[in-house]
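As a plain string of letters, each chain reads:
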Amino acid sequence: MEKLVIALGGNALQEGKGPATAEAQLAVVEKTSEYIANILQSGYQVVLAHGNGPQVGRIVLQNESSVDITPAMPFDVCGAMSQGMIGYHMQQGLSKALRARGIDTPVATIVTQVVVDKHDKAFENPTKPIGPFYSEADAKRLQAEKGYSVKEDAGRGWRRVVASPQPVEIVELPVVKAMIDSGFVVITVGGGGIPVIREENGDLAGTAAVIDKDLASERLSEDIDADALLILTAVEQVCLNYGKPNEQRLSHITVADCERYIEEKHFAPGSMLPKIQAAMKFAASKAGRRAIITSLDKAVDALSGKAGTVITLS
């Protein structure tokens, strides 16, 4: 049985223009779960990872808006809250879809910490926007009072920014492995994992950062010795010259191809680029491994080579 890590993008958890309610999110997750259940029914051993951008942003906004009533939680705690919320909905949605197929595989979420290097250069230049928009005056006040890093965001206002360091170690990996071996569908490294720094005495301390969920999913895939990494996003295939008249869809590319296309700046930072970087890193980590980038509705076809973009070592 092939072991497969599935990295779910934001569109698998929330409709872009839909209401940001718990009920709406659960409805979207239930639709997503039908596709995942089809993959499980096809005979794959599945481990799930997911993003949390909109959800953790709303949690931060709720915290910031109610500071006169109750103290705001730090960003790492907000990340943990989003893991629990999204995991809960995924457990409900996927269990429902599996029961409808007569499959009794248990589904469980692990609140997952991911160690980052406190000397990672990303901490020197925070770039990842989080939370609400502020006026320049309010942003500068928060910078002075709380030590936040703030930046103007594309003419829309000022926002807090945090670092996006590389994932180094998945703290709960032994638990994840034990649950996989026991037959669970495990949901882990949600939102890229809760970023923590390991102190000299071995203790862990949360830090304000966002770990890219595709890179965290790649780290997970290597650590559990997965056969394939399936990165689900809004498009069916990776493209060169995306959105232009000379757009070119790619069905199969190698790690060397990826390096060349990155050099030619075909992939947008914060969008397709981290997905390509994660895919090529996994494909290069061991002979025979493959990464696939495709849309949720094409996932089953992509696993059988009928859709998507496959990235391999050669």
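Residues numbered from 1 in each chain as written. Predicted model: local features only at pLDDT ≥ 70, side-chain atom pairs only at ≥ 80, totals over all residues. Heavy atoms only, no water.

A. Spotlight on the pattern of salt bridges. Scanning all chains against the criterion turns up 17 salt bridges. Among the ionic pairs, Arg290 bridges to Glu2, the shortest N-O distance being 2.9 Å. Residue Arg290 is located in strand E16 (residues 290-295), and its partner Glu2 is located in the segment before strand E1 (3-8); the two are separated by 288 residues in the primary sequence. A salt bridge links Asp138 to Arg141, with the nearest nitrogen and oxygen atoms 3.8 Å apart. Residue Asp138 and its partner Arg141 are both found in helix H4 (residues 136-146); the two are separated by three residues, about one turn of the helix. Using a relative accessible area of 38% as the deciding quantity, one classes Arg141 as partly exposed. Taken together, the shared-partner salt bridges connect Glu218, Arg219, Glu222, Asp223 and Lys281 into one network. (Salt bridge = Lys/Arg side-chain N within 4 Å of Asp/Glu carboxyl O. Helix = DSSP H or I, 4+ residues; strand = E, 2+ residues; numbered from the N terminus. Buried < 20%, exposed > 50% of the residue type's maximum accessible area, 1.4 Å probe, protein only.)

B. Highlighting the packing of helix H7 (residues 255-263) against helix H8 (residues 272-285). Two numbers describe how H7 lies on H8: the axes approach to 9 Å, and their chain directions differ by 150 degrees. With respect to H8, the element H7 is oriented roughly antiparallel. Helix-helix and strand crossings are classified by hand; for H7 and H8 the assignment is left-handed. Mapping the contact onto sequence places Val255, Cys258, Glu259 and Ile262 in H7 and Leu273, Ile276, Gln277, Met280, Ala283 and Ala284 in H8. Here the residues of the contact of H7 with H8 are counted per class, giving eight nonpolar, one polar and one charged. (Axes fitted to C-alpha atoms, helices over the stretch in contact; angles between N-to-C directions. Parallel < 35°, antiparallel > 145°, perpendicular 65-115°, else oblique. Left-handed = near helix turned anticlockwise from the far one by under 90°. Contact = heavy atoms within 4.5 Å. Nonpolar A, V, L, I, M, F, W, Y, C, P; charged D, E, K, R; others polar.)

C. Region of interest: helix H2 (residues 53-65). Taking 1.5 Å of rise per residue, the 13 residues of H2 would be expected to cover 18 Å, and the 18 Å separating its terminal C-alpha atoms lies within 8% of that figure. Buried residues of H2: Gln55, Val56, Gly57, Ile59, Val60, Asn63 and Glu64, and no others. (Expected span 1.5 Å × (residues − 1).)

D. Representation of the sheet that holds strand E5 (residues 128-134) within the structure. Read from one edge of the open sheet, three strands run E5-E7-E6, paired in antiparallel fashion. Strands with a single pairing partner mark the edges of an open sheet, and in this sheet they are E5 and strand E6 (149-152). Taking the axes of each pair of neighbouring strands and ignoring which way they run, one obtains an average angle of 35 degrees across the sheet. Pairing of E6 with strand E7 (residues 158-162), which is carried by four bridges, proceeds in the antiparallel orientation. The partner of Glu152 across the bridge, within E7, is Trp158. (Pairing = 2+ DSSP bridges.)

E. Up close: the pairing of strand E12 (residues 228-233). Taking burial as the measure, the six residues of E12 include six buried ones, the bulk of the element. Of the strand pairs in this sheet, E1 and E12 are connected by four bridges, and their pairing is parallel. What sits directly across from Ile6, in E12, is Leu230. Pairing analysis gives six bridges linking E12 to E16, with the strands arranged parallel. Residue pairing in the sheet places Leu232 in a bridge with Thr294 of E16.

F. Representation of the packing of aromatic side chains within the structure. Summed over all chains, the structure comprises one aromatic pair. Ring centres of Tyr261 and Phe267 lie 6.4 Å apart, and the angle between their planes is 85 degrees; this geometry places the pair in the edge-to-face category. In this structure Tyr261 comes out as buried when scored by relative accessible area, which is 10%. When the ring centre of Phe133 is taken as origin, the NZ or CZ atom of Arg159, which lies over that ring, is 4.8 Å away. Seen from the ring of Tyr148, Arg160 lies directly overhead, with NZ or CZ sitting 3.9 Å from the centre. (Phe/Tyr/Trp six-rings, centres within 6.5 Å; stacked < 30°, edge-to-face > 60°. Lys NZ or Arg CZ within 6 Å of the ring centre and 35° of its normal.)

G. Up close: the sheet that holds strand E8 (residues 169-170). Across the sheet, which stays open at both edges, the four strands sit in the order E8-E4-E10-E11 with mixed pairing between neighbours. Both outer strands of the open sheet, E8 and strand E11 (204-206), are each paired with one neighbouring strand and no more. For strand E4 (residues 113-115) and E8, the ladder comprises two bridges, and the chain directions are antiparallel. Within E8, the residue paired with Val114 across the bridge is Ile170.

By themselves, these observations are geometric and do not establish any function.
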